[in-house]
Amino acid sequence: MYRHILIPTDGSKLAERGVAHGLALAKSVGARVSVIYVVDPLLAVTGDFASVLDQAAKAAKEAGVSCETIQVENVPPHEAIIAAAEDKGCNLIVMSSHGLSGLSMLLIGSVTNKVLTYAKTPVLVCR
């Protein structure tokens with residue numbers, strides 16, 4: 001049913017649940033995954049985003065799931081997630097509902113909510 005699953009992460013503990021759930025689902029149905037991290041401009045300077053993607057790739061390898069990582073900069077997170085799902089031909093997005101997105105979450109709303117609102121790809125939300 002699902003062949004390619006997109007898993008957004010921001011490196012938070014809650015987002016890790018979405019990664020773990022997405023990997024478990026991918027393994028159970030034989031799907032491959034793409035893990036996307038939308039780089040916050042402050043983290044772009046420190047390079048911390050690379051470790052988030054490395055951890056997700058390592059977890060996928062340990063689970064025996066084919067994984068590619070995607071890094072996007074200077075794009076609103078929900079737009080980057082939706083575009084990646086379409087560009088990569090993903091037929092499911094698996095994400096957590098309350099990952100950390102900094103001050104922007106307080107000012108402009110939840111990334112998950114925006115993905116749910118605008119994505120044409122089905123979205124599975126993990127709590």
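Treat the numbers as computed from the prediction; the structure is a model and nothing was measured.

Undergrad: Explain the confidence of the model for the chain to me, please; I cannot follow it from the model alone.
TA: Interpretation of the predicted coordinates at a detailed level should be avoided for regions scoring low in pLDDT. Chain-level statistics for the chain give a pLDDT mean of 88 and a share of 83% at 70 or above. The lowest-confidence element of the chain is helix α5 (residues 103-108), averaging 53 in pLDDT; the highest-confidence one is strand β1 (residues 4-8), averaging 98.

Undergrad: What should I look at first to understand the side chain of His 78 in this one?
TA: Within the secondary structure, His 78 is located in helix α4 (residues 77-88). Look past the residues within four positions of His 78 in its chain and what remains in contact with it is Val 111, Lys 114, Val 115 and Tyr 118.

Undergrad: Can you walk me through helix α6 (residues 111-118) in this structure?
TA: An α-helical segment advances 3.6 residues per turn. Residues three or four places apart therefore align on the same side. For α6, the complete set of buried residues consists of Val 111, Thr 112 and Val 115. For α6, the arc enclosing every buried residue in end-on projection is 100 degrees, short of the 170-degree limit, so these residues lie on one face. Where α6 is buried, its residues meet α4, β4 (92-96) and β5 (123-126). The residue sitting at the N-terminus of α6 and contributing the capping side-chain oxygen is Ser 110; that oxygen lies 3.1 Å from the backbone nitrogen of Thr 112.

Undergrad: Would you mind going over unusual backbone geometry with me for this structure?
TA: For residues other than glycine, phi is negative in most cases, and the peptide bonds are mostly trans. Positive phi, normally seen in glycine, also occurs at Asn 74, with a value near 60 degrees. Topologically, Asn 74 is positioned in the loop between β3 (67-73) and α4. A relative accessible area of 70% means that Asn 74 is categorised as exposed.

Undergrad: Would you take a moment to explain helix α1 (residues 13-29) for this structure?
TA: Along its 17 residues, α1 runs 25 Å from first to last C-alpha, staying within 8% of the 24 Å computed at 1.5 Å per residue. Within the span of α1, buried status applies to Ala 15, Gly 18, Val 19, Gly 22, Leu 23, Leu 25 and Ala 26. For α1, the angular spread of buried residues about the axis comes to 165 degrees, placing them on one side. Of the residues in α1, the exposed ones pointing more than 90 degrees away from the buried face are Lys 13, Lys 27 and Ser 28. Downstream of α1 by one or two residues, Gly 30 has phi in the positive range, about 75 degrees.

Cut-offs used in this document
- Residues numbered from 1 in each chain as written.
- Predicted model: local features only at pLDDT ≥ 70, side-chain atom pairs only at ≥ 80, totals over all residues.
- Heavy atoms only, no water.
- pLDDT = per-residue confidence, 0-100.
- Helix = DSSP H or I, 4+ residues; strand = E, 2+ residues; numbered from the N terminus.
- Contact = heavy atoms within 4.5 Å.
- Buried < 20%, exposed > 50% of the residue type's maximum accessible area, 1.4 Å probe, protein only.
- Arc of directions from axis to C-beta.
- Polar contact = N/O pair within 3.5 Å; in protein donor to acceptor, adjacent residues only side chain to side chain.
- Expected span 1.5 Å × (residues − 1).

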